[in-house]
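Residue-level structure breakdown
Each chain, letter by letter, is given below.
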Amino acid sequence: MVLDPFTLLVLTSAMAAASAMYLAAEWSSVRERSLLLWSGGFAIISVGCVLALLRSRGYVLFGIWFPNGLLISAHWLFLAGVASCTRTRLSRAWWLVVVVWLAMLFLPDRPWWSKAMMGTQSPLIAVISLRAGLLLRPQGGTLSVGAAQLRFVLLAHGLFYLAKAGSVVAPDAFINLNNFRGEVIVVSLVEGVMAIMLLAMSMTGTERHRREERIAEIAARDPLTALDNRRALYLRAPELLAKASPASPGALLLIDIDHFKQVNDLHGHDAGDRLLMTLSDLIRIVLPHGALAARLGGDEFVILLRNVSGPAAQALGQGLRESFAQQARTMFETPEPVSLSIGATLFEQPDKELSHWLKRADQALYASKRKGRDRMELVRAVPVMTP
Ligand SMILES: Nc1nc2c(ncn2[C@@H]2O[C@H](COP(=O)(O)OP(=O)(O)OP(=O)(O)O)[C@@H](O)[C@H]2O)c(=O)[nH]1
C-alpha cells in the first residue's frame, strides 16, 4: 500500500474538520472555553491541510510556510485549552510563539529552506505540546482517565516533534516540505492523523469528567453555607468513623443556634441567612485538618473530629460558642440572646454507624437546651464490654 502525501493530507484534513465539529458540538451544549479553543485548533489544522492540498494542485493562495505555520497556531490553541481546563495562567512569553511564526513567513520559498522551516516549526510544536502535557500533572489527587490519556498523547506528540526536529540533519530525500515529499513528511502525516483522533477523544473525556466532578461537588454542598450537606456527610463520615479506636477516639458535635427564630422574625429571613453563614465561617476557622463539617438543615450543624480527647473537643466547642455569641450580639438585637447549644459525643467503636452517634449527640443537645441553652454537653464514650 502506498501512503502518498496527498491521500494522507486529505485524511488529516477530514479528521481535523470532524474533530473540530465534534468538539464544537460539545461546546455548544456545555459552553466550556477549553472545548472551543481545542475545536479552533482542529479547525486551523483542517484549513492548513486544505491550503497545502490546493497548493500541491497548483492553486497557490499563500506562501508555502503559511499552511505549515498554521500547525503552530493550532497547537498553541491546544495549550490555551489545557490552561483553561486546568485553570492555569500562561506566561505572556508564550505570545512570542506568534512572533516567531510570523517571522517564519518571511523565509525564502526554496526547497533547501524546508529544513530551516522544519528546524523552527518542530521544536516550537514540541515545546507547546510538552508544556500542555505537563500542565495536566496530578495536583494533590489523581488525574481522571481522560486527562491522563490527554497528557499521554500530548507528551508522546511533543516527543515525536522533538525527534522530528532532529531529522533536519537527514538528507534532502527524506524531507521536502516544499512539495510534501520525503519519508519524514509521510511519517509525520501518519502520526498527525493518529494524534488528531486520540487528542479529540481524550479532550472530550477530560472535559466530561471535569463536569461530572463539578456536578458531584454541587450535589454534596449546602448552597447557603457551602459546607457539606446531610447527604455528603453520610457519604464521607464512614471513613472517619472507621478510624476510631479506644486509643484514638473521635468526637461528634451537634450544634444548634438558640433563639434563631427570633432573628428571622424580627430582622427578616436574609438576616437569618447571614447568621447561618457567619456560623459556617466560624466553623471553618476552628475545623482541624482531616475533620468534617456539615449543615444538616435549618440551624443545625455537625462537626466530626478524629483523634481527639474529651477536653480538646470541649475546648473547640467552647471556643466556637464564645466567638459565635459575640458575633451574633454585634449583628442583631433580640429579646433572648442568640447563642449556641452543643450536644457532643466521643466515639471509639469503629463498627457503629453515623446515625447511632447522631442520636447520642442529639440526646446531649436536648440536655443542653433543657439546662438553659448556651452550653455544651459531652457524652463520654461507652467502654467496649468484653465478655
Ligand atoms: N433564614 C433562614 N431560616 C431558616 C432556614 N432554614 C430553617 N430556618 C428557620 O430556622 C428556624 C429554626 O427554628 P428552631 O430551631 O426551632 O427555633 P429556635 O428559635 O432556634 O429555637 P431553639 O433552638 O429552641 O432555641 C425556623 O424559624 C425556620 O424557619 C434557612 O435556610 N434560612
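Residues numbered from 1 in each chain as written. Predicted model: local features only at pLDDT ≥ 70, side-chain atom pairs only at ≥ 80, totals over all residues.

- In the nomenclature of an unreviewed UniProt entry, the protein chain corresponds to diguanylate cyclase from the organism Comamonas terrigena.
- Among the UniProt annotations of the protein chain, the heading Catalytic activity (unreviewed entry) holds the following wording: "2 GTP = 3',3'-c-di-GMP + 2 diphosphate". (UniProt positions renumbered as here; feature names shortened; annotations may be inferred.)

**Some thoughts on the environment of Gly250**
- Following the sequence through the fold, Gly250 ends up in strand E1 (residues 250-257).
- Among the residues examined, Gly250 registers 26 C-beta atoms within 10 Å and is labelled buried.
- For the pair Gly250 and Ser309, spaced 59 residues apart in the sequence, the C-alpha separation amounts to 7.7 Å.
- Setting aside anything within four residues of it in sequence, one finds Gly250 in contact with Leu240, Leu241, Ala244, Leu304, Leu305, Arg306, Val308 and Phe347. (Helix = DSSP H or I, 4+ residues; strand = E, 2+ residues; numbered from the N terminus. Buried ≥ 20, exposed ≤ 12 C-beta atoms within 10 Å, placed from the backbone. Contact = placed C-beta atoms within 7 Å.)

**Details of the nonpolar core**
- Formed by 52 residues in total, the largest nonpolar core has its most connected members in Trp38, Phe42 and Leu77.
- Element by element, the count of residues in this core is highest for helix H3 (residues 65-85), at 12 residues.
- Setting aside residues up to four positions removed in sequence, Trp38 forms contacts with Leu23, Leu77, Phe78, Gly81 and Met203.
- Within the second largest apolar cluster, 43 residues are counted, among which are Leu240, Leu275, Phe301 and Leu316. (Core = buried A, V, L, I, M, F, W, Y, C linked by C-beta atoms within 7 Å.)

**A few points about the site of the ligand**
- Taken together, 15 residues lie around the ligand, and Asp258, Phe260, Lys261, Gly272 and Gly298 are the ones closest in.
- By residue number, the principal contributor to the shell around the ligand is helix H10 (residues 269-286), which donates 4 residues.
- Within the shell around the ligand, the residues separate by chemical class into 4 nonpolar, 5 polar and 6 charged. (Near = placed C-beta within 6 Å. Nonpolar A, V, L, I, M, F, W, Y, C, P; charged D, E, K, R; others polar.)

**Regarding the sheet that holds E1**
- The 5 strands lie next to each other as E2-E3-E1-E4-E5, forming an open sheet whose pairing is mixed. Whereas interior strands pair on both sides, the edge strands pair on one side only; in this sheet they are strand E2 (292-297) and strand E5 (376-379). Averaged over all pairs of adjacent strands, the angle between their axes in this sheet comes to 15 degrees, without regard to strand direction.
- Sheet analysis places E1 next to strand E4 (residues 340-347), joined by 8 bridges and oriented antiparallel. Opposite Asp256, over in E4, you have Ser341 as the bridge partner. (Pairing = 2+ DSSP bridges. Axes fitted to C-alpha atoms, helices over the stretch in contact; angles between N-to-C directions.)

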